[in-house]
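Overview (structure and organization)
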Amino acid sequence: MSNGLEGKSDEGRGIENSRDISGLTPRQRQILEFIDGYAGERGFPPTIREIQNAVGLRSTSSVHAQLKNLEEAGHIKREPSRRRALGITYQSRRQGPEAFSVGGLSIRTKPTCDVESVVEIPLVGRIAAGQPLQSFELEAEDAIPVPAGVFPELKVDDAESGNIFFLRVSGDSMVGAGINEGDLVLVRRQITARSGEIVVAEVWGETTVKRLRISKTKIGLEPENPFYSVIEADPEEVRIIGKVIGLIRPIVA
């Protein structure tokens, strides 16, 4: 049966080269390797349930017991009040997050996992970068820890007040702005935006992510892909839900 750790031999050697793990049980080493590999691929640590499924433990309480032992031995650090606040204690050996800008949007491929300085941002669902989707409900599916200051427009106050959230992108209408299928767009909740900004908007009862264009008589929701058409509507038919202020691109190593 697969344990979800195939292809992680390099990560395992990295662990052995970084600190002494000779006193760990095989299961503890397996958990440590999974956490290290998961964080390296995605840029944030796994949940307790993901650890349970990956290493084949029967219950989440078993995971908690193993993590407690690893923490007491100094191999990990965690913050119990946060769902994903879990990190290998030698994270400093990793490279910093890869960052670039496309179309004025700050994109991060691997946000760091320092539990001392992260803010947790809810992932609330999917958003269409294509044809509009039926309106989503802002109910959190999960939380993504993001280091404070990693995005220029990210403010801790916004996170604490619930004014920012992630949406997973479905579709390819915004590829010219660097927004691809499966990306996580970071959205700040606001009801107004400037022409030219990328927004999440509701039009005719459906939601989409597009670049906003404002004229004297119409609101345009403009794709960044020549195979899609601009959505034009009367101002009263468009409701701005928020502005896209950043993006995380999941990377599989």
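Residue indices follow the written sequence of each chain, beginning from 1 at its first position. Totals for whole chains, interfaces and linings use every residue, but because this is a predicted model, local features are given only for residues with pLDDT of at least 70 and side-chain atom pairs only at 80 or more, for both listing and counting. Hydrogens and water are ignored here; the side-chain numbers use all heavy atoms of the structure.

It is worth spelling out helix α3 (residues 48-55) at this point. If you check which residues of α3 are buried, you get Ile-48, Ile-51, Gln-52, Ala-54 and Val-55. Downstream of α3 by a residue or two, Gly-56 has a phi angle that is positive, lying close to 80°. Categorising residues by exposure relies on relative accessible area from a 1.4 Å probe, with only protein chains included: less than 20% of the type maximum marks a residue as buried, more than 50% marks it as exposed, and the intermediate range marks it as partly exposed. Going along the chain from the N terminus, every DSSP run of H or I of four or more residues is numbered as a helix, and every run of E of two or more is numbered as a strand.

All right, on to the pattern of salt bridges then. When a carboxyl oxygen of Asp or Glu is within 4 Å of a side-chain nitrogen of Lys or Arg, the pair counts as a salt bridge. Per the counting criterion, the structure on display carries eight salt bridges. A salt bridge links Glu-197 to Lys-243; the shortest N-O distance between them is 3.1 Å. Of this pair, Glu-197 sits in the loop between β9 (184-189) and β10 (198-203) while Lys-243 sits in strand β14 (residues 238-248), placing them 46 residues apart in sequence. We classify Glu-197 as buried; its relative accessible area is 18%. You can call Lys-243 buried: its relative accessible area is 11%. Its salt-bridge partner being Arg-211, residue Glu-224 comes within 2.5 Å of it at the nearest N-O pair. One end of the pair, Glu-224, is in the loop between β12 (219-222) and β13 (231-233); the other, Arg-211, is in strand β11 (residues 206-214), with 13 residues separating them in the sequence.

With that settled, the discussion passes to the nonpolar core. Nonpolar cores are built from buried Ala, Val, Leu, Ile, Met, Phe, Trp, Tyr and Cys residues. Side-chain atoms within 4.5 Å join them into one set. Ranked by internal contacts, the top residues of the largest apolar core, which has 17 residues, are Leu-167, Val-185, Val-200 and Val-209. Elements represented by at least two residues in this core include exactly β5 (118-128), β8 (164-170), β9, β10 and β14.

As paired elements, β10 and β11 share six bridges and run antiparallel to each other. Each bridged residue has a counterpart across the sheet, and for Ala-201 the counterpart in β11 is Thr-208. We call two strands paired when DSSP finds no fewer than two bridges between them. Remark: two residues form the turn of the hairpin made by β10 and β11, two consecutive strands paired antiparallel; Trp-204 in that turn has positive phi of roughly 55°. With four bridges connecting them, β11 and β12 associate as antiparallel partners. Bridging from a neighbouring strand, Leu-212 pairs with Leu-221 of β12.

Let us now look at helix α4 (residues 60-72). Expected helix span is computed as 1.5 Å times (number of residues minus one). For α4, with 13 residues, the first-to-last C-alpha span of 18 Å sits near the 18 Å given by 1.5 Å per residue. Val-63, Gln-66, Leu-67 and Leu-70 are the residues of α4 that are buried. Across the axial projection of α4, the buried residues extend over an arc of 100°, all falling on one side. Just downstream of α4, Gly-74 is the residue with a positive phi angle, here 85°. This arc is taken over the directions from the axis of the helix to the C-beta atoms.

Here we take up the environment of Ala-54. Relative to the helices and strands, Ala-54 is located in helix α3. C-alpha separation for the pair Ala-54 and Ile-31, spaced 23 residues apart in sequence, amounts to 8.4 Å.

Attention shifts here to the packing of α3 against α4. It is at 9 Å that the axes of α3 and α4 come closest, and there the two elements cross at 95°. Judged by the angle between their axes, α3 and α4 are roughly perpendicular. Contacts between α3 and α4 involve Ile-48, Arg-49, Ile-51 and Gln-52 from the first element and Thr-60, Val-63, His-64 and Leu-67 from the second. Gly falls in the polar group here, along with every residue not listed as nonpolar (Ala, Val, Leu, Ile, Met, Phe, Trp, Tyr, Cys, Pro) or charged (Asp, Glu, Lys, Arg). Here the residues of the contact of α3 with α4 sort into four nonpolar, three polar and one charged. In this description, a line fitted to the C-alpha atoms serves as the axis of each element, helices being fitted only across the stretch in contact, and the angle between N-to-C directions of two axes falls anywhere from 0 to 180 degrees. For classification purposes, angles smaller than 35 degrees are called roughly parallel, those larger than 145 roughly antiparallel, those between 65 and 115 roughly perpendicular, and all remaining angles oblique. Note on contacts: a residue pair qualifies if any of its non-hydrogen atoms lie within 4.5 Å across the two residues.

Locating Arg-249 in the fold gives a position in the segment after β14. Polar contacts here mean pairs of N or O atoms no more than 3.5 Å apart (in protein, one a potential hydrogen donor and the other a potential acceptor; neighbouring residues in sequence count only if both atoms are side-chain atoms). Side-chain polar atoms of Arg-249 contact the backbone oxygen of Gly-178, separated by 2.4 Å. Side chain to side chain, Arg-249 and Asp-183 meet in a polar contact 2.8 Å long.

A few words on the pairing of β9. Regular strands show a simple pattern: their side chains alternate between the two faces of the sheet. The buried fraction of β9 amounts to five of the six residues, a majority that puts the element mostly inside the structure. Examined bridge by bridge, β8 and β9 share five bridges and lie antiparallel to one another. Following the sheet pairing, Phe-165 is matched in β9 by Val-187. Pairing between β9 and β14: six bridges, direction antiparallel. When the sheet's bridge partners are listed, Leu-186 is paired in β14 with Gly-246.

Before going further, it helps to examine the confidence of the model for the chain. A score from 0 to 100, pLDDT tells how confident the predictor is in each residue. Predicted confidence across the chain gives a mean pLDDT of 75, with 67% of residues reaching 70 or more. Taken element by element, the predicted model of the chain shows its lowest mean pLDDT in helix α1 (residues 9-18) (42) and its highest in β12 (97). Confidence drops under pLDDT 50 across residues 1-19; counting only partners more than four residues distant or on other chains, this segment forms 30 contacts. Taken together, the stretch residues 88-97 has pLDDT below 50 and engages in 27 contacts with residues farther than four places along the chain or on a different chain.

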